[in-house]
Amino acid sequence: TTFQWYRSDDANGTNKAAIAGATASTYDLTSADVDKYISFEVTPHDGNNAGNAVESSLKGAVSKISQTITFGALAAKTYGDANFTLSATASSNLGVTYTSSNTSVAIVNGSTVTIIGAGETTITASQAGDASYAAATNATQLLTVNKAVLTATADDKSKTYGEANPTFTISYVGFMNGDDANAITTEPTASTGADATTGVGTYDIDLAGGTADNYSFNLSSGMLTIGKAVLTATADDKSKAYGEVNPAFTITYTGFVNGDDANAITTEPTASTVADATTGVGTYDINLAGGTADNYSFNLGRGTLTINKAVLIATADDKSKTYGEANPTFTISYSGFVNGDDETAIITESTASTLADATTGVGTYNIDLAGGTADNYSFSLASGALTINKAVLTATADDKSKTYGEVNPTFTISYTGFVNGDDETAITTEPTASTLADATTGVGTFDIDLAGGTADNYSFNLSSGMLSIGKAVLRATADDKSKTYGEENPAFTISYTGFVNGDDKTAITTEPTA
């Protein structure tokens, strides 16, 4: 059996022509058949004899050939992936064109897809047909572009205990396509559990949140290191006197934060000095060492121990002398030596002086001290007293004599012991001379006693004198007598002249013999 396919211009068979080569029982339409009418003719044959040819009716007009597009599913992409090529095919082998429904996700140039952003877009594969082929039904595939992973890492920070937290910053790794932080809609928030009051240590800086059109976030914590605050410990300046034990050393702190005080110190620094009770006058470092605190390191500052001179009380010893004498040698007594010191610790002794001299009158006068130097002592000068006592003036009543019956003579006094050229004018009131004897006192010797007497600069040593009363002269005259020759002598009588004090011859113990 043979076959022949024909092509005509219309249903009436106009311009019917055999299609070259179309001799099979089937015929694949070609673009030449479009808008034509097709028929075929069959001539049977049993292998020996051929039958009569039979022709079919015309069929047409022939439409364009249908075609299909084969478009496989698209693998998900990630923002930042390289361009890739679409590989849809049309059954007509005609070229396929592509479009993207969301050009903010991807664009297609030819068959090359360029990823623009994360999201979803529908890629449509089209074949518009040609003279032989009708347009193919569009084939679509969903293209999913996932967000790229942007690793956001909190930057490590450090601060000192007591400070406010520093501004936290974030470093990003994973930007694509030349992007930078401007591609982030909302940055992640960095936070920590630590604040200004948190103690020394390391604390996580955690990230949370964050949005970006084309990125998802892989959040990585950073580290906040809180270092010790610097606490300045300064040994307080101290002072003491030479010979004293060292005072208790104290420390002043500056730099406490968060309301802390010395209770925040675990172990206070130790204050020490090379000086002790025996150390001489001067200034010596008070050094600090050690000290521990959970939240503080120590900046140790020296203090100064000032050893002042001890007070040595120098007292002029009291002295005395007699008016008219040269001043005695002045001496000084000291109190306040320490450390077994004595006068050998004095470089220059104080000088003792007074306004008084040998001519100065009776009284008390300051013995004043001045000057004095010692390496380890200052001087507290205390005056002494120079007492000038009265000189002894010996007043002696001059010896006197008189005759019985006479009034007493004027008594006079002799003085020995005047000094400084003084004489009786230095006597304020002379002593009084007196005796028990008077005009009626009989012959004999009688004391002339002295009493009283005043002088500014003299005391009196009173020495008695002697009043000698001599006998009065009694004139005894033998009375003239007469007798006759041969007569016995008459009794002789005596007349007396010179009696005093009312005496008469009864005052005569034995009359003269006539």
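This text follows the structure it describes.
Residues numbered from 1 in each chain as written. Predicted model: local features only at pLDDT ≥ 70, side-chain atom pairs only at ≥ 80, totals over all residues. Heavy atoms only, no water.

Enquirer: What is the right way to look at the overall build of the protein chain in this model?
Expert: A tally of regular secondary structure across the protein chain gives zero helices and 51 strands. Against the 2.2 N^0.38 benchmark of 24 Å for 514 residues, the protein chain shows a C-alpha radius of gyration of 78 Å, more extended than a compact globule. Looking at the protein chain alone, contacts between residues at least 24 apart form 58% of all its contacts between residues at least 6 apart. Placing the 24 positive and 58 negative side-chain charges of the protein chain at their respective mean positions leaves the two points 1 Å apart. (Helix = DSSP H or I, 4+ residues; strand = E, 2+ residues; numbered from the N terminus. Rg over C-alpha atoms; globule rule 2.2 N^0.38 Å. Contact = heavy atoms within 4.5 Å. Lys, Arg positive; Asp, Glu negative; His and termini not counted. Charge placed at Lys NZ, Arg CZ, Asp CG, Glu CD.)

Enquirer: It is not clear to me how the pattern of salt bridges should be interpreted in this structure. Could you clarify?
Expert: Pairs can form between side chains of opposite charge once their charged atoms are near each other. In total, this model carries four salt bridges according to the counting rule given. Asp 33 serves as the salt-bridge partner of Arg 7, at 2.6 Å between the closest nitrogen and oxygen. In this pair, Arg 7 is assigned in strand β1 (residues 2-8) and Asp 33 in the loop between β2 (17-18) and β3 (37-43), connecting sequence segments 26 residues apart. Judged by its relative accessible area of 0%, Asp 33 falls in the buried class. The shortest N-O distance in the salt bridge between Asp 285 and Arg 302 comes to 3.5 Å. Here Asp 285, found in strand β28 (residues 282-289), pairs with Arg 302, found in the loop between β30 (296-301) and β31 (303-308); they are 17 residues apart in sequence, far enough to count as distant. Residue class for Arg 302 comes out exposed when judged on its relative accessible area of 58%. (Salt bridge = Lys/Arg side-chain N within 4 Å of Asp/Glu carboxyl O. Buried < 20%, exposed > 50% of the residue type's maximum accessible area, 1.4 Å probe, protein only.)

Enquirer: Is there a simple way to explain the packing of aromatic side chains in this structure?
Expert: Within a pair of aromatic rings, the relevant descriptors are the distance that separates the centres and the angle that separates the planes. Tallied over the full model, the rule gives 16 aromatic pairs. Aromatic pair Tyr 496 and Phe 499: ring centres 5.9 Å apart, planes at 55 degrees, arrangement tilted. Phe 499 sits in the partly exposed class, given a relative accessible area of 27%. Here Lys 16 stacks its cationic end above the ring of Tyr 6, 4.5 Å away from the centre of that ring. Taking NZ or CZ as reference, Lys 77 lies 4.5 Å from the ring centre of Phe 84, over its face. (Phe/Tyr/Trp six-rings, centres within 6.5 Å; stacked < 30°, edge-to-face > 60°. Lys NZ or Arg CZ within 6 Å of the ring centre and 35° of its normal.)

Enquirer: It is not clear to me how the sheet that holds β30 should be interpreted in this structure. Could you clarify?
Expert: By way of backbone hydrogen bonds, the strands of a sheet pair with one another, either parallel or antiparallel. Spatially, β25-β23-β30 is the arrangement adopted by the three strands of the open sheet, whose pairing is mixed. Where the open sheet ends on each side, the last strands, each with one partner, are β25 (251-254) and β30. Put simply, the sheet's adjacent strands are angled 30 degrees from each other on average, direction ignored. Bridge analysis of strand β23 (residues 229-235) against β30 gives six bridges, and the strand direction is parallel. Bridge pairing links Val 230 to Ser 297 in β30. (Pairing = 2+ DSSP bridges. Axes fitted to C-alpha atoms, helices over the stretch in contact; angles between N-to-C directions.)

Enquirer: In this structure, what is going on with the pairing of strand β14 (residues 148-154)? I would like to understand it.
Expert: Two faces, one strand: in a regular strand the side chains alternate between the faces of the sheet. Here β14 shows a clear split, with Ala 148, Leu 150, Ala 152 and Ala 154 buried on one side and none of Val 149, Thr 151 and Thr 153 buried on the other. Where β14 and strand β21 (residues 215-220) come together, six bridges link them in parallel fashion. Residue pairing in the sheet places Ala 148 in a bridge with Tyr 215 of β21. Inspection of the sheet shows β14 paired to strand β16 (residues 170-173) by four bridges, in the antiparallel sense. Looking at the pairing, Thr 153 lines up with Ser 171 of β16.

Enquirer: Mind showing me how you'd approach unusual backbone geometry here?
Expert: Note on backbone geometry: most residues besides glycine have negative phi, and most peptide bonds are trans. Residue Ala 61 is reached from Gly 60 by a cis peptide bond, and omega for that bond is -10 degrees. Locating Ala 61 in the fold gives a position in the loop between β4 (54-55) and β5 (69-70). Unlike most non-glycine residues, Asn 177 shows phi in positive territory, near 55 degrees. Mapped onto the fold, Asn 177 is located in the loop between β16 and β17 (184-186). Positive phi, close to 60 degrees, is recorded for Asn 258, a residue that is not glycine. Position of Asn 258 relative to the elements: it lies in the loop between β25 and β26 (265-267). You can call Asn 258 partly exposed: its relative accessible area is 34%.

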